[in-house]
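Coordinate analysis (summary)
These are the residues of each chain, in order.
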Amino acid sequence: MASLPSFAVNATLHKLDPDARKLSPTSLPIEKSLAYQRSPPIPESSSEILARERSPLRPENSSDVLPQPLDVQEAIDILREGNRVESVLYVPLLQQCIDNRTLPDAEILHAHIIKTGTREDLFVSTSLVNVYMKCGATGHARKLFDKLPHRNIVTWTALITGYVHNSRPDCAVEVFIQLLESGVYPTNYTLGAVLSACCALYSIEIGEQVHGYMIKYGIESNTSMGNSLCSLYSKCGSLESAVKAFQRIPDKNVISWTTVISACGDQGDTELGLRLFIEMLSENVEPNEYTLTSALSLCCMVQDLSLGKQVHSFCIKFGCEFNVPVKNAIMYLYLKCGEINEARRLFDEMETVSLITWNAMIAGHAQMMNSAKDDVTAYHSGTEALRMFLKLNRSGMKPDLFSFSSILSICSGLVALEQGEQIHAQTIKSGFLSDVVVSSALVNMYNKCGCIEKATKAFVEMSRRTMISWTSMITGYSQHGRSREAIQLFEDMRLSGSRPNQVTFVGVLSACSHGGMVDKAEYYFNMMKNEYGIEPVMDHYACMVDMFVRLGRLEDAFAFVKKMHFEPNEIIWSILIAGCRSHGNMELGFYAAERLLELKPRGIETYVLLLNMYISAERWHDVSRVRKLMKDEKIGNMRDRSWISIKDKIYYFRADDRTHTQSAEMYEFLESLLEKAKGLGYVPYKSVEISDDEDEEKKFGSTIHHSERLAIIFGLINMAEDASIRVVKNITMCRDCHSAVKFFSLLTKREIIVRDSKRLHKFIDGQCSCGDFGALL
DNA sequence: CGCTCATAAT
C-alpha cells in the first residue's frame, strides 16, 4: 500500500472531533442510513489532518513531536517495551494488517487490545473482525464476535461480508438470520452482502426474501442493487425474474444492460438477448467490452455470422477489439460458424493466449467434429484438437474442466483410447475428475471406446450424477448388448430422482430391442408418454420397429409403423428392408423399398442397402433402376473410410488403400486370415461393391477390401499382442465385413471393436455384441 | 477513522 499515512498523531486527534464516533449508522433513523449513496465527503479525515501534520512546516521527526509508532512493527516494538498505544491508533494499525494480510501482527495487537480493555470500542472490535476475515481466519473472527460485549450493525455486516469473501455464504446467511432475530436493522451494506451470499448459494428462496427487505427499505431501485438482483435471478435460472428486476431499475446503466443481456445468453434465450442488445443501442447506451463479448457470444450461439460480423465492427468502433475476452469471443464466433481459416488467423495473431483461448479452440474443433457432415472434416478437426491440447500442456498452462471435458469428447469421437486414458490420469492428478461434467465425459469416452468395464468403474466412482451421466451409461450398456444392466440402471436412475429425457428413453428402448423384450419395451414406451409426458419421436419408433424385426415379427413391425402419427423416414424403412432381407420376406421388402424411394433419400448408404437387397433377390431390372436414380439424383460415390488410433497417432484408411509403408505386409496378412476364415466356414456375401474411386464403375465380386479391414490389420500388426483393436468407420459395416471380422476375432484371439455410423460392434471369439442384426449393408 | 454493491469469452 503506497500512501498510508504515518501515525504521527496523538491524542489531539481525539480532541478535534470528540463526537465523531457517536455517528454510527445505528444512531441514525434506518431510512436515512439506507439511503444508498457514495460516501459523502468526510468532513475532515485523519488523513487530511495527517497530511497537514506532515507538511513541510512540520517536518517529520522534528524534535518537538513525541516518538509515535509509524507502522505496525514500530507499534509492536513499543508495546513489547511495556508502553501503551493510544486506543485511537489501533484502527489504522489493524488497517495495515488488513492491507498486508499479516495475521500474526494482528494477533499481537489483539492481545494488547484485550489487556487494555479497548475491545469495548466498537470501531476497534469491528476492525478486528474485519482483519481476521480478510486474513481468512473465519473461526477467529467468529469466536471474537461471539465474545464481544457490544456489537452494532457494522460489526454484524463485517462478519457477514467476511463469510461471503471466504466462500462461506451459508454462514453468511445464518448470521443474517441471527441478526434479524436479535432485532437489529440491516442496512444497505448488509443486504448487499447477503445478496452476494444468495448468489453464491444459487438460492432464489433467500434471495427473494432479501429482495423483500430491499423493497421495504426502498433500495431496490438503486441501480447497483437492481443489477445485483438481476444477476441473482439469472444465476438461479429464472430469466423471467431477472428481466423483471432489470425492468424495475429506473436508471439503467451499461452494467444493467450487460447483466440482462448476458442473462439471456446464460439461460439460452438468444432471441431476447439480441433484441435487448439492439434496444440498448437504440437508447444510445454505449456498450463496453463486457456487453460486446456477451453479444458476440449470442451471435455464436445462433451461429449468425453476418450479425456477428456487425458486432465485430462495433468492437472496432468502440475500441474493444484488443480486449482479450473480446478477441476470444470473435475467434470462437468464426470457429463456430465454420470459418476455420479466419479463426486460425485470429488465433495466430494473438500475442496473449489464455487458457480460455485454448479451450475455445479445442471446444470449437470438438463441435466441428461432432457436426461434421463428412468424415474427413471430423477426422481433421479431432486430430487438430488433440494437437492443440498437446500444445496447451507444453505451454505450461494447466488445463481446466473445460479443457478436459472438450478433449475427452474428442477422444470419444476418435475412439482414441490410449490418449483418453492418459487424459483420465491427468484429470485425477489435477483434481478435475471431481467435476460432474468431466467425469460424465470420461464415462462417455470409455463407452464410446467400447470399454464397458472401465466406463462402469468411472460411473460408480462419480460423487454426483446428472441426467446426462445416467443416460450416457444406460446407452453404453445398451450399445454393448447388456440389456438387463441397462434396464436395471434406468430403474436406479428413477429411484435416484433424476428425470430421464428423450435420449434416455432411446437408450432404454434400444436395450429392450436388443434383448428382444417386447413386453418391457411396450411398458417403457407407454411410461415415457404417460409418466414423463415425452412424446415419442422417430428414434423411439425406430427402436420398436428394430425390435420386432430382430425377432422376425415383420408383420408386427409394419403394424407398428402404421400406428405412427407421422410419416416414416429413411431410417425406419431401412430397418424394415434390412430385416426383410435377413428373414427372407422379400415381398414386404420390395414394398418398403418403394416407399423409401418415394422419399428421394440423399444418403448413399440407403442406396447401397437397396442395391444389395435387389442383388440378393437377383432383380437386375431394379438394380439398374436404382443405379439410374442415383445418377439422376447426383448421389456421389461411396466414401468408405476408417481410422485407428495407436499411441498418440491416428492412422487413416480408404477402401483398398495401398498408400501405407506396411501395405505389402498388411495385404499378405489379410489374405492369410481370409484363407483361414474360409477354412472355418466363412463365406463371402455377394454384395454391391462400394468403390472409393471417383470414376470407377461399381462392380461385383469381392476384390476390393473395405477400409475397416485394413485398419484392423494395421492394428493387429502394430499393437501389443494382447491389446484390443479399436476402429472407427464412417459408414455402416457391410454384412461381408461383419462376418469376416467375426472370424478375425476368433483366429487372432483378439477383442476387435468397430464403431460404425450406426452402432458399436464388439467382436470377441467370433461373436458380435450387436447380436448379428444391425441395419447392416 | 470501522462494514458495500453489479457486467464478458471456453
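Above this text you will find the structure in question.
Just so it is clear, the structure is predicted and the values come from calculations on it, not from any experiment. For every chain, the first residue of its written sequence is number 1, and the numbers climb from 1 along that sequence. For naming, the first written chain is A and the first written ligand is 1, with later ones following in the order written. Per-residue local features are limited, in this predicted model, to residues with pLDDT of at least 70; the limit for side-chain atom pairs, both in listing and counting, is 80 or more; totals at the level of whole chains, interfaces and linings are taken over all residues. Working from all heavy atoms in the structure, the side-chain values ignore hydrogens and water.

This paragraph deals with the overall build of chain A. Comment: elements are numbered from the N terminus, with helices defined as DSSP H or I runs of at least four residues and strands as E runs of at least two. When helices and strands are counted, chain A shows 39 helices and six strands. Under the scheme applied here, a residue whose accessible area is under 20% of the maximum for its type counts as buried, over 50% as exposed, and between as partly exposed, the area being computed with a 1.4 Å probe on protein chains only. Classification of the 777 residues of chain A by burial places 50% in the buried group.

Our focus in this paragraph is the sheet that holds strand β3 (residues 725–729). Strands sit in the order β2-β1-β3-β4-β5-β6 across an open sheet of six strands; the sheet is mixed. The open sheet has two free edges, formed respectively by β2 (649–654) and β6 (767–768), since each of these has just one partner strand. Two elements, strand β4 (residues 752–755) and strand β5 (residues 760–764), share four bridges in a ladder whose sense is antiparallel. Bridge assignment links Arg755 to a residue of β5, and that residue is Leu760. Strand pairing follows a simple DSSP-based rule, namely that at least 2 bridges must link the two strands.

On to unusual backbone geometry, then. Most peptide bonds adopt trans geometry, and most residues besides glycine take a negative phi value. Residues other than glycine seldom take positive phi values, yet Asn284 does so here, at roughly 60°. Structurally, the position occupied by Asn284 is in the loop between α16 (270–282) and α17 (289–301). Given the relative accessible area of 70%, Asn284 is considered exposed. Notably, Glu618 is not glycine yet its phi reads approximately 55°, a positive angle.

Further remarks concern helix α7 (residues 122–134). Over its 13 residues, α7 extends 18 Å from the first C-alpha to the last, a length consistent with the 18 Å expected when each residue adds 1.5 Å. Taken together, the buried positions of α7 are Val124, Ser125, Thr126, Ser127, Leu128, Val129, Val131, Tyr132 and Met133. Where α7 is buried, its residues contact α5 (90–100), α6 (103–116), α8 (138–147) and α9 (153–165). Sitting at the amino-terminal end of α7 is Asp121, which places a side-chain oxygen 2.8 Å from the backbone nitrogen of Phe123. Downstream of α7 by a residue or two, Gly136 has a phi angle that is positive, lying close to 85°. Take the residue count of a helix, subtract one, and multiply by 1.5 Å to get its expected span. Here a residue-residue contact requires only that any non-hydrogen atoms of the pair lie within 4.5 Å. We call two N or O atoms a polar contact when they sit within 3.5 Å, provided that within protein one can donate a hydrogen and the other can accept it, with sequence-adjacent residues counted only if both atoms are side-chain atoms.

Here we come to helix α28 (residues 483–496). Compared with an ideal rise of 1.5 Å per residue, which puts 14 residues at 20 Å, α28 spans 20 Å between its outermost C-alpha atoms and is within 8% of the ideal. All of the buried residues in α28 are Ser483, Ala486, Ile487, Leu489, Phe490 and Met493. All buried residues of α28 fall inside an arc of 160° around its axis, so they share one side. For α28, exposure combined with an orientation more than 90 degrees from the buried face picks out Arg484 and Leu495. Where α28 is buried, its residues touch α26 (452–460), α27 (467–479), α29 (502–515) and α30 (518–530). Looking one or two places after α28, you find Gly497, whose phi comes out positive at around 90°. Each C-beta atom gives one direction from the helix axis, and the arc is the one those directions make.

Here we come to the packing of helix α22 (residues 375–394) against helix α23 (residues 401–414). Packing of α22 against α23 brings their axes to within 10 Å, and their N-to-C directions diverge by 140°. Looking at the two axes, α22 sits oblique to α23. For the pair α22 and α23, the crossing hand works out as left-handed. Between α22 and α23, the residues in contact are Tyr379, Gly382, Thr383, Ala385, Leu386, Phe389 and Leu392 and Ser403, Phe404, Ile407, Ile410, Cys411 and Leu414, respectively. Geometry is summarised by axes, namely lines fitted to C-alpha atoms with helices restricted to the contacting stretch, and by angles between N-to-C directions that run from 0 to 180 degrees. Convention used here: angles under 35 degrees read as roughly parallel, angles over 145 as roughly antiparallel, angles from 65 to 115 as roughly perpendicular, and any remaining angle as oblique. The handedness criterion is simple: a crossing whose near helix is rotated anticlockwise from the far helix by less than a right angle is left-handed, and one whose near helix is rotated clockwise is right-handed.

Note that strand β1 (residues 641–646) and β2 share six bridges and pair antiparallel. Across the sheet, Trp643 pairs through a bridge with Tyr652, a residue of β2.

Moving on to the packing of helix α35 (residues 604–616) against helix α36 (residues 620–632). In contact at an axis separation of 8 Å, α35 and α36 are set at 165° when each is read in the N-to-C sense. As summarised for this structure, α35 and α36 are arranged roughly antiparallel, according to the angle between their axes. Between α35 and α36 the crossing geometry is left-handed. Contacts from Ile604, Tyr607, Leu611, Tyr614 and Ile615 in α35 reach Trp620, Asp622, Val623, Arg625, Val626, Arg627, Leu629 and Met630 in α36.

Moving on to the environment of Lys634. Following the sequence through the fold, Lys634 ends up in the loop between α36 and β1. For Lys634, a relative accessible area of 71% gives the class exposed. Separated by 32 residues in the primary sequence, Lys634 and Arg602 have C-alpha atoms spaced 8.9 Å apart.

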